[in-house]
Amino acid sequence: MVQKYQSPVRVYKHPFELVMAAYERRFPTCHLIPMFVASDVVDEETSEDGATHKIERRCALDVDAPRLLKRIAGVDYVYFIQRNTLNRKERTLHIESHNETFSNRVIIHETCCYSVHPDNEDWTCFEQTASLDIKSFFGFESTVEKIAMKQYASSIKKGKEIIEFYLKELEDEGITHVPRWSPSALPQLLPRPSSLSASAPTPLMEDERQPEFELCVADKLDADYIKRYLGDLTPLQESCLIRLRQWLQETHKGKIPKDEHILRFLRARDFNMDRAREILCQSLTWRKQHQVDYLLETWTSPQVLQDFYTGGWHHHDRDGRPLYILRLGQMDTKGLVRALGEESLLRHVLSINEEGLRRCEENTKVFGRPISCWTCLVDLEGLNMRHLWRPGVKALLRIIEVVEANYPETLGRLLILRAPRVFPVLWTLVSPFIDENTRKKFLIYAGNDYQGPGGLLDYIDKEIIPDFLGGECMCEVPEGGLVPKSMYRTAEELENEDVRLWTETIYQSASIFKGAPHEVTHSAVESSIIDASSVITWDFDVCKGDVVFNIYHSKRAPQPPRKDPLGTHGIASPGGNNVQLIDKSWTLGQDYSMVESPLTCKEGESVQGSHITRWPGFYILQWKFHSMPACSATNLPRVDDVLATLQVSSHKCKVMYYTEVLGSEDFR
C-alpha cells in the first residue's frame, strides 16, 4: 500500500531571499538533523542572467533502524538524490528528491516548494508532499514502513524549527535583509560562518496572534491556522486532514464541511483516511437528504417540547466547552413519544447538536483556543422503571445511532449525576450502541458523590453550578413533569404526518374476559428457568375496562400456552388471544405462590414496574378481569355479574403490554 503525505502550508514571516539564505546553511551537513550525515554536490548549473540556479546533491542518511535490519540489508547509510531549482526572478524554490538505495524495492518520492505568500510579498510559504511504496524488503516490509514513517514525521516536525534557527543565526550576524534579484544584479552570496551556534532554536519574531481567517494561501490550510483553530496535530494527522479536504473539494458536489468537522471524522476513525472518508460521505449524503444544514433556521420546537423536554444549554465548563444539561430523571419520555412521535424527538436532538457545533465555533473565537466538542451533564434524580418504557428506549437507541454516525467526537465529557439503583438496567440497554471511545468519556456519580473530591467542581466553575444541584446559578432548563394524556396522539395521527412510532411492532394486545385471564411466563432461555437476582420489567396500558395484575412464581414448568375457553361456559374468546398457563389443578401456596400484591388498574392507566427475583424458577405475569365486590346487603351476585355470565363480550377488558427479563449477568 502506498503511504502519502501532504503538509499544510507553513508560513515564515520573512522575505523569500532571507529564507533562502537560511535554507542554504543546512548544507553540507546540519547538526540539528543527526541522521543527515553528509551531502555532496553532483551537478550545478546557473543561468546566464543568474535568475535560475539548479543544483543536484547526493545525501547520506543514517537511518535509526535495528542493527539486525541494517545487517540484513547490507548498508550503513541510505542515499538520496535531491534536485533543487531556485528561480530568483519568480522567487520560488522547487525541490525533488528520491531514494537511490534499494530503489528496486522501495520507492520514496518527495517534492517541496518555497514561494512568496500570495497576500504578503514579505512572507514565505512552504509546502511538501511525499509518497512511500514498499514493494519488498526481505520480509520486513511492515517494519520498514513503520521506521520510514516515524523518521519522516520526526524530520517534518523539525523542519520549521531548523529554518528559524538559521534565521536567528543570520540575525545574530547582522544579516536581516537580502536584496531581491534584478537583471543587472549578480547572485547574492552569503558567506557561511566557520562555526554554528549551538543555542536552542529561537523564533526571529515574537509570535503574533493570527488574524481571524478561515483559509490561507490559495484555499490551502496554513499551519498556524491549524494550530489556532484545530489544535496540535502530528504531521501525519495534518496530512490526513489536508488530503481528505482536498479530495472533497475535487469530488464532492455540494457544501464542503468545515475543517473542524472533517477532523472529527478522522479522529473517530483514528485518522484512517479510507474509513473516515466512507463515514463522512455517508453523513454528507444524510445531511443533504434531510436538509440538516438548514435545521436551525427551519426547525421550531413544538410547545410540548418547550414545556416538558428537560434539557438546555447552560454556560460552559472549565475548558471553555459549551455545557448542555439534561435532567433525564425528570423527563416523561413516554409522554413525549406518545405526544410527538419518535421522528420529532430525533429532529429536536439534531437541532441541539447543530446548536452545539455553532457554540463550539463561537467559543473557539472567545477563548482563543480550539474547542471542538461540548460537555453534557445528565441528572438522573427521579429515574425509575418508568423510564425503561420500551418504545422510549428504542427511540433513545435510534437517536444514539444517528448522533454517533453524524456527529462523531462532539462529546468531550459526559457527567452522569445522582445515578439511582435502576441505572445499571438502562446502561445495559444503551451502552452496546455507544462507541468505545465515547464510553471512555463517561463519569458516573451515585448519590451525592459529585459534591466530593474529583466531582463536579473539577469540571465546572462553582459560579455556574445549577441551583438544583446545590449551586447558586439559576438554570433555565424546564423542570419537566408528566405530559398530559390529552396531548397524546394516536398512531394513525402520527402516521399521517409521516412520523413513525414503534409501539405497534413491540407491544402485544390481549382481551381479558371474566373467568379467562391472560398470562405470560418468562425464562432466561426457552425451556429453562430464571436465575435469582434477575429483573423482570413490564409496561402496559389498560385500553378498556379494569384489570387486576398479579405475578406468580412456580418451580414447576407451566403448561404450553393454549387458547382457553371462557371458564365453565364453553364460550370461546371473541378475541381468540387469551393464554392461560396456570393449570387448573394447581393449588395456590403449593404449586405456585404470589410474589407481588395484586394491583388493580383502572381503564386508561399506564403501568410500568419491575420485580427482582429471589428464587430460580418460572415467573408468570397475569392480567385478569376485575370483578366488582358482592352487594353488601346480600350474598347474591350483582346484576352485572349475572349479565356477564350470559353476555361475556360485554365485560371485555383490553391491555397493550410489553415485558422483558434482564439476567443477573447483565448488571456486571
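Being a predicted model, the structure only gives us computed values, none of them experimental.

## As for the overall build of the protein chain
Thought 1: Helix and strand counts for the protein chain come out as 17 helices and 24 strands.
Thought 2: Across the 668 residues in the protein chain, those meeting the buried criterion constitute 48%.
Thought 3: Counting only carbon and sulfur atoms, one obtains 51% of the accessible surface of the protein chain, whose full area is about 34,500 Å².

## With respect to the side chain of Asn550
Thought 1: On the secondary structure map, Asn550 appears in strand β17 (residues 547-554).
Thought 2: Asn550 sits in the buried class, given a relative accessible area of 1%.
Thought 3: With near-sequence residues (within four places) excluded, Asn550 lies in contact with Met594, Pro598, Ile620, Leu621, Gln622 and Lys624.

## Observations regarding the sheet that holds strand β11 (residues 374-379)
Thought 1: In spatial order, the strands read β9-β10-β11-β12-β13; together these five strands make up an open sheet with mixed pairing. For this open sheet the edge positions go to β9 (311-316) and β13 (442-446), each flanked by a neighbour on one side alone. Here the strands of the sheet are splayed against their neighbours by 20° on average, with no regard to which way each runs.

## A short note on the state of the cysteines
Such a bond, covalent and formed between the sulfur atoms of two cysteines, is termed a disulfide.
Thought 1: Counted by the stated rule, this structure contains zero disulfides.
Thought 2: The thiol of Cys113 is not disulfide-bonded; the next cysteine sulfur, from Cys112, is found 8.8 Å away.

## Comments concerning helix α10 (residues 333-340)
Thought 1: α10 sits mainly inside the fold: seven of its eight residues count as buried.
Thought 2: Turning to α10, its buried residues number three or more, namely Thr333, Lys334, Gly335, Leu336, Val337, Ala339 and Leu340.
Thought 3: Directly beyond the C-terminal end of α10, a positive phi value near 95° is found at Gly341.

## Describing helix α6 (residues 259-268)
Thought 1: Burial runs high along α6: nine of the ten residues are buried.
Thought 2: Where α6 is concerned, the buried positions are Asp259, Glu260, His261, Ile262, Leu263, Arg264, Phe265, Leu266 and Ala268.
Thought 3: Check the buried side of α6 and you find it contacts α4 (223-230), α5 (235-251), α7 (273-289), α11 (342-367) and α12 (390-406).
Thought 4: In the stretch just after α6, Asp270 is the one whose phi turns positive, near 50°.

## What to know about the nonpolar core
Thought 1: Formed by 54 residues in total, the largest nonpolar core has its most connected members in Tyr309, Leu336 and Leu380.
Thought 2: For this core, the elements supplying multiple residues, two or more each, are α9 (303-308), β10 (322-326), α10, α11, β11, α12, β12 (411-419) and α13 (423-430).
Thought 3: Once residues within four sequence positions are removed from consideration, Tyr309 is found in contact with Val304, Tyr324, Leu326, Met331, Leu336, Leu345, His348, Val349, Ile352 and Pro478.
Thought 4: Grouped together as the second largest cluster of nonpolar side chains are 35 residues, Ala21, Val63, Cys112 and Ile163 included.

## Some words on the pattern of salt bridges
Oppositely charged side chains can form a pair if their charged atoms are brought close together.
Thought 1: According to the stated counting rule, one finds 28 salt bridges in the structure shown.
Thought 2: Arg287 is the partner of Glu354 in a salt bridge, and the nearest nitrogen-oxygen pair spans 3.0 Å. A residue pair is termed long-range when its members are at least 10 positions apart, and Glu354 in helix α11 and Arg287 in helix α7 qualify at 67 residues. Side by side, Glu354 and Arg287 carry an identical accessibility label, which is buried.
Thought 3: Salt bridges here are not isolated pairs; linked through shared partners, they connect Glu355, Arg358, Arg359 and Glu362.

## A look at the side chain of Ser7
Thought 1: Mapped onto the elements of the fold, Ser7 is located in the loop between β1 (3-6) and β2 (10-12).
Thought 2: We classify Ser7 as buried; its relative accessible area is 2%.

## Here's the deal with unusual backbone geometry
Excluding glycine, residues mostly have negative phi values, and the peptide bonds linking residues are mostly trans.
Thought 1: The residue after Phe27, namely Pro28, is reached through a cis peptide bond having omega 5°.
Thought 2: Phi at Asp270 is positive, roughly 50°, even though this residue is not glycine.
Thought 3: Among the structural elements, Asp270 can be located in the loop between α6 and α7.
Thought 4: Since its relative accessible area comes to 61%, Asp270 is described here as exposed.

## Considerations on the packing of α5 against α6
Thought 1: Packing of α5 against α6 leaves a shortest axis separation of 10 Å and a crossing angle of 115°. When the axes of α5 and α6 are compared, the pair comes out roughly perpendicular. As α5 runs across α6, the sense of the crossing is right-handed. Seen from α5, the contacting residues are Cys240, Leu241, Leu244, Arg245 and Leu248; seen from α6, they are Asp259, Ile262, Leu263 and Leu266.
Thought 2: Taken together, the residues of the contact of α5 with α6 sort by class into seven nonpolar, no polar and two charged.

## Digging into the confidence of the model for the protein chain
Thought 1: Confidence along the protein chain averages 79 in pLDDT terms, with 79% of residues attaining 70 or more.
Thought 2: Model confidence for the protein chain, summarised as mean pLDDT per element, is weakest for helix α17 (residues 639-646) at 30 and strongest for β10 at 96.
Thought 3: Confidence over residues 498-506 falls short of pLDDT 50; this stretch has 23 contacts with residues more than four positions distant or in other chains.
Thought 4: Of the regions scoring below 50 in pLDDT, residues 523-528 engages in seven contacts with residues more than four places distant in sequence or in other chains.

## What about the packing of aromatic side chains?
Thought 1: Throughout the structure, instances matching the rule amount to 15 aromatic pairs.
Thought 2: Consider the rings of Phe165 and Tyr166, whose centres lie 5.2 Å apart with planes at 75°: the pair is edge-to-face.
Thought 3: Between Trp586 and Tyr592, the aromatic rings sit 6.0 Å apart at their centres with planes inclined by 40°, giving tilted as the arrangement.
Thought 4: With relative accessibility at 13%, the residue Tyr592 sits in the buried group.
Thought 5: Taken together, Tyr23, Phe27, Phe36, Tyr114 and Phe126 form an aromatic cluster joined through their ring pairs.

## Overview of the environment of Gly329
Thought 1: Turning to its location among the elements, Gly329 is positioned in the loop between β10 and α10.
Thought 2: Along the primary structure Gly329 and Leu380 are separated by 51 residues, whereas in three dimensions their C-alpha atoms are 4.4 Å apart.

## Quick look at the environment of Ala419
Thought 1: Summarising the element assignment, Ala419 is placed in strand β12.
Thought 2: With relative accessibility at 13%, the residue Ala419 sits in the buried group.
Thought 3: When the C-alpha atoms of Ala419 and Asp449 are compared, they prove to be 9.9 Å apart, with 30 residues separating the residues in sequence.
Thought 4: If we ignore the near neighbours within four places in the chain, the residues touching Ala419 are Leu380, Ile444, Tyr445, Ala446 and Gly447.

Conventions we followed
- For every chain, the first residue of its written sequence is number 1, and the numbers climb from 1 along that sequence.
- This being a predicted model, a pLDDT of at least 70 is required before a residue's local features are given, and a value of 80 or more before pairs of side-chain atoms are given or counted; all residues contribute to the totals for chains, interfaces and linings.
- Values reported for side chains reflect all heavy atoms of the structure, with hydrogen atoms and water molecules removed beforehand.
- Secondary structure is summarised from DSSP: a helix means a run of H or I of at least four residues, a strand means a run of E of at least two, and numbering begins at the N terminus for each.
- The rule is simple: take the accessible area with a 1.4 Å probe, protein chains only, and divide by the maximum for that residue type; under 20% is buried, over 50% is exposed, in between is partly exposed.
- The protein chains shown are the only cover counted for residues, whose accessible areas, like all others here, come from Shrake-Rupley with a 1.4 Å probe.
- Residues count as neighbours in contact if any of their non-hydrogen atoms are within 4.5 Å of one another.
- Strands are labelled as partners when DSSP assigns at least two bridges between them.
- Axes here mean lines fitted to C-alpha atoms, for a helix over just the part in contact, with angles spanning 0 to 180 degrees between N-to-C directions.
- Note on terminology: disulfide denotes any pair of cysteine sulfur atoms within 2.5 Å.
- What we call a nonpolar core is a set of buried Ala, Val, Leu, Ile, Met, Phe, Trp, Tyr and Cys residues that are connected through their side-chain atoms within 4.5 Å.
- The rule for a salt bridge is simple: a side-chain nitrogen of Lys or Arg has to be within 4 Å of a carboxyl oxygen of Asp or Glu.
- Any angle that is under 35 degrees is reported as roughly parallel, and any over 145 degrees as roughly antiparallel; angles of 65 to 115 degrees are reported as roughly perpendicular and all others as oblique.
- Should the near helix be turned counterclockwise from the far one by less than a right angle, the crossing is left-handed, whereas a clockwise turn marks it as right-handed.
- All residues other than Ala, Val, Leu, Ile, Met, Phe, Trp, Tyr, Cys, Pro, Asp, Glu, Lys and Arg, Gly among them, are scored as polar; the first ten of these are nonpolar and the last four charged.
- The predictor reports its confidence for every residue as pLDDT, a score running from 0 up to 100.
- The aromatic pairing rule takes the rings of Phe, Tyr and Trp, using the six-membered ring of Trp, and pairs them if the centres are within 6.5 Å, calling planes under 30 degrees apart stacked, those over 60 edge-to-face and the rest tilted.

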